[in-house]
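The residues making up each chain are set out below.
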Protein chains: 2
Amino acid sequence: MNDYTPGPRSRIKRNPKRGSYDRATVHAILDSAMLAHVAYTIDGQPYCTPTIHWREGEILYWHGSSASRMLRTQGPGLPVCVTVTHLDGLVLARSAFNHSANFRCAMVFGTARLVDEPAEKERALYAVTDRLFPGRNAELRPMTAQEIKATSVVRMDIEEASAKIRGVNVGDDEEDGTWPVWAGVIPVTTTLGTPEPSPVLPAATPMPAHLAAYSPGRQLDEALQDSFTRWQTQT
Amino acid sequence: MNDYTPGPRSRIKRNPKRGSYDRATVHAILDSAMLAHVAYTIDGQPYCTPTIHWREGEILYWHGSSASRMLRTQGPGLPVCVTVTHLDGLVLARSAFNHSANFRCAMVFGTARLVDEPAEKERALYAVTDRLFPGRNAELRPMTAQEIKATSVVRMDIEEASAKIRGVNVGDDEEDGTWPVWAGVIPVTTTLGTPEPSPVLPAATPMPAHLAAYSPGRQLDEALQDSFTRWQTQT
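If you're wondering where the values come from, they're calculated on a predicted model, not measured in any experiment.

Peer 1: Go over the relation of the copies chain A and chain B, please, and point to the residues and values.
Peer 2: Turning chain A through 180° and shifting it by 0.0 Å along the axis lays it on chain B, with an RMSD of 0.0 Å. On this basis, the relationship between the two copies can be described by a two-fold rotation axis. Minimal C-alpha distance to the rotation axis in chain A is attained by Thr-190 of chain A, lying at 2.1 Å. When the interface residues of chain A are mapped onto chain B, 100% of them again lie at the interface, so the same face is used by both copies.

Dropping the structure here:
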């Protein structure tokens, strides 16, 4: 079972050579991103909401959005599509037509449900902090019951999923190879900067060891993937 | 008319202090991004597809996706929500609850239609290349009729729109100010790397002047905003 089974929602129709149903590929795209976009429909109107997501096995969680109000009244749950995209490069060709972008994208389908049971919700909320920053919860002021109540968490079992990746240099038509203009890829990376301490932080409060993965200049996707792996090892 | 009029689709309900309907704010978020996520519904199933988008006044265009097949059969068009999100920082607090992300997000609503009229489509396809890389079309091998036919372009008049921005340091509860753990913001930027020439590029083909905005180390959002402004000035 290394592949997801493609269904009507997830089968890749355009550029199938860029597509994959491989679980490890889908998981890596999800786990190395902080932001997902969630599509859902309310009264026939589609919405696309950015959110912080995290994965546990074949379950995807995210922080509640305007869909939460809808979900509160929806016993059977709401069909959703959650998409994570990394932009990796601008692809410049000798023809306008062959311009493109390098990217890694995962589209994941399932039925969203609100996590309402207090113990499950508390566990999920501790999990997102430790998934992003393994070891952080142990140093934080504990959550209060009121905080747990005030946060909404959405849960979705992954039913179908696919990945699409473009990660090569420019695909110029053969006869364009001598056209006298520069062509190639301009790489794009999302990186971490120098931490900006809270203005109310007591002087000389050190960066804790658990934040080592997020060192200045590091790629965010690598820091997130490392942290995910570290979290999986600890739990 | 500096603000969009909020309607049932776009009215901001959560954290309204972070929200805005200001046109310039929405436009800047759209114009400084290359990727948008488009939500649409087919037979009750929502989809969230990443795409390259571009704006001309109050019209948003994007490259066709699996929605194109649907649009081809939909005279009146398809309701969509197009969302652009920039991740700007990880916000680490003294409590799990106050952890957050810095971001700039625009959500734009309208009715998507396929651009099928050949002249309008040709114009739109030249526009996206010049919007991203002003001056590039003049140096490229011209598009062929077949290429124009093979690309799908979707157009949407912006009917409603809102922006949401978090761009401050950590919002710890006052009583948490002395909790002895590091808190603050780890900035996140998306930047351009060193160009990788096409393997079939004749040696010594220079980077053209029209790519100056995309110099190594530059932030992608700034390069895109600059290019947009330069394109607007030229046309």
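Peer 1: So, the pattern of salt bridges: which residues are in play, and what are the values?
Peer 2: Under the counting rule described, the total for this entry stands at 28 salt bridges over all chains. Close ionic contact of Arg-218 of chain A with Asp-226 of chain A constitutes a salt bridge, the shortest N to O distance being 2.6 Å. With a relative accessible area of 37%, Asp-226 of chain A lands in the partly exposed category. Three or more residues joined by partner-sharing salt bridges are found here, namely Arg-141 and Glu-147 of chain A together with Asp-173 and Asp-176 of chain B.

Peer 1: Just give me the short version of the packing of helix 3 (residues 118–132) of chain B against helix 5 (residues 220–234) of chain B, but keep the residues and values in it.
Peer 2: Residues and elements named next belong to chain B. Packing of helix 3 against helix 5 leaves a shortest axis separation of 7 Å and a crossing angle of 125°. It follows that helix 3 is oblique to helix 5 by the angle criterion. Across from Ala-127, Asp-130, Arg-131 and Leu-132 in helix 3, the residues of helix 5 making contact are Leu-224, Ser-227, Phe-228 and Trp-231. Classifying every residue of the contact of helix 3 with helix 5 gives 5 nonpolar, 1 polar and 2 charged.

The rules we used
Residues numbered from 1 in each chain as written. Chains lettered and ligands numbered in written order. Predicted model: local features only at pLDDT ≥ 70, side-chain atom pairs only at ≥ 80, totals over all residues. Heavy atoms only, no water. Least-squares fit on C-alpha atoms with pLDDT ≥ 70 in both. Contact = heavy atoms within 4.5 Å. Salt bridge = Lys/Arg side-chain N within 4 Å of Asp/Glu carboxyl O. Buried < 20%, exposed > 50% of the residue type's maximum accessible area, 1.4 Å probe, protein only. Axes fitted to C-alpha atoms, helices over the stretch in contact; angles between N-to-C directions. Helix = DSSP H or I, 4+ residues; strand = E, 2+ residues; numbered from the N terminus. Parallel < 35°, antiparallel > 145°, perpendicular 65-115°, else oblique. Nonpolar A, V, L, I, M, F, W, Y, C, P; charged D, E, K, R; others polar.

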